[in-house]
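Report on the structure
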Amino acid sequence: MAEVFKKNKLFAVYTALVIVLVLIAIFAPYLAPQDPYDGNMRNVLQPPTPEHFLGTDKLGRDTFSRIICGTQVSLFMTICVVILLALVGGLVGILSGYFGGKVEMILMRVADMMLAFPGVVLAIAIAGILGGSIANTILALLAVGWAKYARLVRSLVIKLRYNDFIIAAQVNGTKTINILWRHVLPNILPMVVITGAMDIGTMMMEIAGLSFLGFGAQPPTPEWGLMLNEGRQYIQTAPWLMIYPGVAIFIVVAIFNLWGDSLRDVLDPRHE
Amino acid sequence: MKKISNRLAQMFVTLIGVSFITFCLAYLAPGDPVAMLLESADTIVSEEVLEKTRKELGLDKPFIVQYGNWLAGVVQGDMGMSYSAKKPVVEKLSEGFAGTLLLAFVTIIFVLIISLPLGIWSAVRQNEWPDYVVRFLAFIGVSMPSFWLGLILLYIFGLKLGWFPIASSTVTAKGIVLPALTLAIYQSTKYVRQVRTVILDELHQDYVTGARARGLSESAILWKHVLPNAVLPLITLLGMSIGWLLGGVAVIEIVFSWPGIGNMAVRAIMMRDYPLIEGFVLWIAIVYMAINFLVDLSYTWLDPKLRKGEQR
C-alpha cells in the first residue's frame, strides 16, 4: 500500500483528502460548533459574524454547523447508494454472465429497458411518489442505476467465462460458488471499484438534486440540497444560505471526482 | 429493415415496461389521490363522496383492470384527466412540453457556441495553456450541481445586476437566457471534454499525417479534413443531450420558475396527480427513445460505410 502511494503522489494526496472528509463526516457532531437542529429565534437570518461565521438560517440555526453535519448525511447516503449499486448490479451481472440462458435474457432485457430511459426522470418519479425520505432516495437511485453495473459486470464475466483457469477449475470439480467467489470475483472487482468510485460525485449531486426538489431528505435534516432549497427563498435577504451549502457540495464532489480519476489510473494502468 | 422493426419492437416493450412500473408505484404509493383531490379546498369530505368519486374515476377496480383501461385510452390518444388541473393530461403535457422544447432548443445553440470552439481549441493546443485552462474549467463545471450554478447566476445577473428577470412564469425572450445558459454551461463541461477527445482522435489518424506531409496548412487540415470526420461522433453526443434536456431538467425549471414539463411534473408529484405523472413518464420515454432512434438512423445515413454494411 505504501508503495502505491509513493508511486502515485497525486493519488496519495487525494486519498488523504477523502480520509479527511470521512473523518469530518464521522465526527461531525463533535466538530460542529453549535447544535445543527437548535434554532434561536432571536438570531434569525443573521449575516456571517464571528459567532456564526457562515450566518444563520430562517430558524436561527448556525449554517456552518449544519454544513458540517450535512457531510455526514451526504456521505452516508452516497456511500449507501454506491455500495448497493455495486452489490445488486454485480450480483445480477455475475449470475446472468456466468449462467446465461433464459434468466440472463430476462434480466438483460430489463436492464436495457432501464438504460433506454432517462434515469433522473424515473428517480424523481419513484422518490416523489414513494414520498421524500432518505431511504426512498436511496431506493430510487438504486432502482435507476443498477442496470449500468449489471451490464458492466456481465460483459466482464462473459470475457472471463471461457478462460483456461475457469475451465480448469470446473474440470477439477470446484463448486460453482467457489469458482465465482475465488476466480470470477477477484477479476472483476477492480473495474467495479473504479466505476463505483467515479460515480460517487455524480450520485452525491443527484441526491442533493432530489433533496432540492423536496423528494429527498426532509426538514429539519441538515442536508445540503435541502438547505439550498430552503435558502433559495431568501436569495435576496440572506444569500449566504444559498452560497455555502453549494460550496460544500462543490468541494466534496470535486475531491471525490479527483480521487476517482486517480484511483482509475492506479488500478487500471491500460487506461492512459 | 429488419433491424428497424426489431428496434421498434424493443421500444414498444420498454414503453409498456416503464409505464407499468410507474403505474405500480402510483398504485402502491401512500396517500389517497381522491382525498387529495377533493380536500384541496380545506374541506373535509364524507366517505360516501370519496367512494362515489373513486367509482367515477375507475379507482375502485382491480389494479390490472385500471392499467388495462389506461393503456387502452393511451392508444387512442387519451391519457385521462389531470386531477389537479381538471384538464386532459394530453393538454397539460403539450403545454409544458412547448416550454421545455423552446428551452432545449436555445440551450443546444448555447452549448454549440460554448463547447465547439473551446473543445477544438483545447485539442489543437494540446498540453499547452489553452488546453489546461479549458480542462480546468471543465473540471470545475463537472463538480458543480447544476441547480446551484443556476442559483448563482440568478443571484448575480438577476438580482445584483438586474439584467434578467428573477422568475419567468411566462415565456419571454429575456427569461429564457439564464435557464438556457445554466443548462448550457452544465452540458458544456461534459461536451468540451468529448469534443476535445474526438478531435484529438482524428488528429492522430494517418490521413492527418499524410496531409501534413503533403504540406497542407494546419488550418486547412482542421477545417477540411478533421472537422467533417468528427461530425459523426458529435451527433451522437448532441442526440443524447437533447434527450436529456427534454426529460431531465426539472431542477433548473424549478429554480427559474420556467413553465416547462419538468416543473409541471414536480408539481404533479407533489399534488399526487397520478394520471399526469403517468402521462409524463410515458411521454418522456417516447421522446427519449424516438431521439435515440433518430440519432442511430442519422448515423447510418451519414456514414457510407454503415450504409453499405446494412445492404450486405
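Preceding block: the structure.
Summary of the structure given here. (Residues numbered from 1 in each chain as written. Chains lettered and ligands numbered in written order. Predicted model: local features only at pLDDT ≥ 70, side-chain atom pairs only at ≥ 80, totals over all residues. Heavy atoms only, no water.)

**Section: the overall build of chain A**
Looking only at helices and strands, one finds 11 helices and 0 strands in chain A. Each helix and strand of chain A, ordered N terminal to C terminal, gives the series α-α-α-α-α-α-α-α-α-α-α. Seen along its three principal axes, the alpha-carbon backbone of chain A occupies a region of about 75 × 50 × 30 Å. Going through the 272 residues of chain A one by one, you find that 51% of them count as buried. Considering only residue pairs separated by 6 or more positions, chain A has 71% of its internal contacts joining residues 24 or more positions apart. Carbon and sulfur atoms provide 67% of the accessible area of chain A, an area that totals close to 12700 Å². Each charge class in chain A was averaged separately, 19 positive and 17 negative side chains, and the resulting centres sit 9 Å apart. (Helix = DSSP H or I, 4+ residues; strand = E, 2+ residues; numbered from the N terminus. Buried < 20%, exposed > 50% of the residue type's maximum accessible area, 1.4 Å probe, protein only. Contact = heavy atoms within 4.5 Å. Areas by Shrake-Rupley, 256 points an atom, 1.4 Å probe, with all protein chains shown as cover. Lys, Arg positive; Asp, Glu negative; His and termini not counted. Charge placed at Lys NZ, Arg CZ, Asp CG, Glu CD.)

**Re the overall build of chain B**
Along chain B, the regular secondary structure elements total 14 helices and 0 strands. Listing every helix and strand of chain B by position from the N terminus yields α-α-α-α-α-α-α-α-α-α-α-α-α-α. Taken along the three principal axes of its C-alpha coordinates, chain B extends 85 × 60 × 30 Å. Looking at chain B residue by residue over its 312 residues, the buried ones come to 47%. Taking all contacts inside chain B whose residues are at least 6 apart in sequence as the whole, residues at least 24 apart take part in 72%. Accessible surface computed for chain B: about 16000 Å², of which carbon and sulfur atoms make up 67%.

**As for the pattern of salt bridges**
The tally for this structure, following the rule as stated, stands at 13 salt bridges over all chains. The partner of aspartate 199 of chain A in a salt bridge is lysine 148 of chain A, with the nearest N and O atoms 2.9 Å apart. Separated by 51 residues along the polypeptide, aspartate 199 of chain A in helix 9 (residues 176-213) and lysine 148 of chain A in helix 7 (residues 134-161) bring together distant segments of the chain. Aspartate 199 of chain A sits in the buried class, given a relative accessible area of 10%. For glutamate 95 of chain B, the salt bridge is made with lysine 87 of chain B, and the minimal N-O distance between the two is 3.1 Å. Within the structure, one salt-bridge network assembled from shared partners comprises Asp57, Arg61, Arg66 and Glu230 of chain A. (Salt bridge = Lys/Arg side-chain N within 4 Å of Asp/Glu carboxyl O.)

**Considerations on the environment of phenylalanine 27 of chain A**
Tracing the sequence through the fold places phenylalanine 27 of chain A in the loop between helix 2 (9-26) and helix 3 (28-31). Taking relative accessible area as the criterion, phenylalanine 27 of chain A reaches 42% and is therefore assigned partly exposed.

**Remarks on helix 4 (residues 63-99) of chain A**
In this model, helix 4 of chain A (37 residues) spans 53 Å end to end at C-alpha, consistent with the 54 Å of a helix rising 1.5 Å per residue. When the local axis directions of helix 4 of chain A are compared, the greatest deviation, roughly 25°, occurs at cysteine 69 of chain A. (Expected span 1.5 Å × (residues − 1). Bend = angle between axes of the 7 residues up to and from the residue.)

**Some points on the nonpolar core**
Counting 121 residues, the largest nonpolar core has Trp146, Leu228, Phe256 and Trp259 of chain A together with Phe280 and Val281 of chain B as the members making the most contacts within it. Residues in contact with tryptophan 146 of chain A, not counting those within four places in the same chain, are Leu85, Val88, Gly89, Val92, Leu107, Val110, Ala111 and Met114 of chain A. In terms of nonpolar packing, the next biggest core, distinct from the first, is built from 19 residues, Val111, Ala184, Leu222 and Ala230 of chain B among them. (Core = buried A, V, L, I, M, F, W, Y, C linked by side-chain atoms within 4.5 Å.)

**Description of the interface of chain B and chain A**
The figure often quoted for interface size is the accessible area lost as the parts come together. On the chain A side, the residues contacting the 42 residues of chain B number 36 residues. Viewed at the interface, chain A and chain B are joined by 5 residue pairs in polar contact (both at pLDDT 80 or more). Breaking the side of chain B that touches chain A down by element, the ones donating at least two residues are helix 1 (2-28), helix 6 (129-142), helix 7 (146-160), helix 11 (250-255), helix 12 (261-270) and helix 13 (274-302) of chain B. Of the residues contributing to the side of chain B that touches chain A, the split by class is 35 nonpolar, 6 polar and 1 charged. (Polar contact = N/O pair within 3.5 Å; in protein donor to acceptor, adjacent residues only side chain to side chain. Nonpolar A, V, L, I, M, F, W, Y, C, P; charged D, E, K, R; others polar.)

**With respect to unusual backbone geometry**
The amide bond that connects proline 219 of chain A to the next residue, proline 220 of chain A, takes the cis arrangement and shows omega of 5°. Position of proline 220 of chain A among the secondary structure elements: in the loop between helix 9 and helix 10 (224-232). Positioned with a positive phi, arginine 272 of chain B is a non-glycine residue whose angle comes to about 55°. Tracing the backbone through its elements, the reader meets arginine 272 of chain B in the loop between helix 12 and helix 13.

**Concerning the packing of helix 6 of chain B against helix 8 (residues 173-203) of chain B**
For any two helices packed against each other, one specifies the crossing angle of their axes together with the interaxial distance. Residues and elements named next belong to chain B. Interhelical geometry of helix 6 versus helix 8 gives an angle of 140° and a closest axis separation of 8 Å. It follows that helix 6 is oblique to helix 8 by the angle criterion. Crossing angle aside, the handedness with which helix 6 passes helix 8 is left-handed. In this structure, helix 6 contributes Asp131, Val134, Arg135, Leu137, Ala138, Phe139, Gly141 and Val142 to the contact, and helix 8 contributes Thr189, Val192, Arg193 and Arg196. The class makeup of the residues in the contact of helix 6 with helix 8 is 6 nonpolar, 2 polar and 4 charged. (Axes fitted to C-alpha atoms, helices over the stretch in contact; angles between N-to-C directions. Parallel < 35°, antiparallel > 145°, perpendicular 65-115°, else oblique. Left-handed = near helix turned anticlockwise from the far one by under 90°.)

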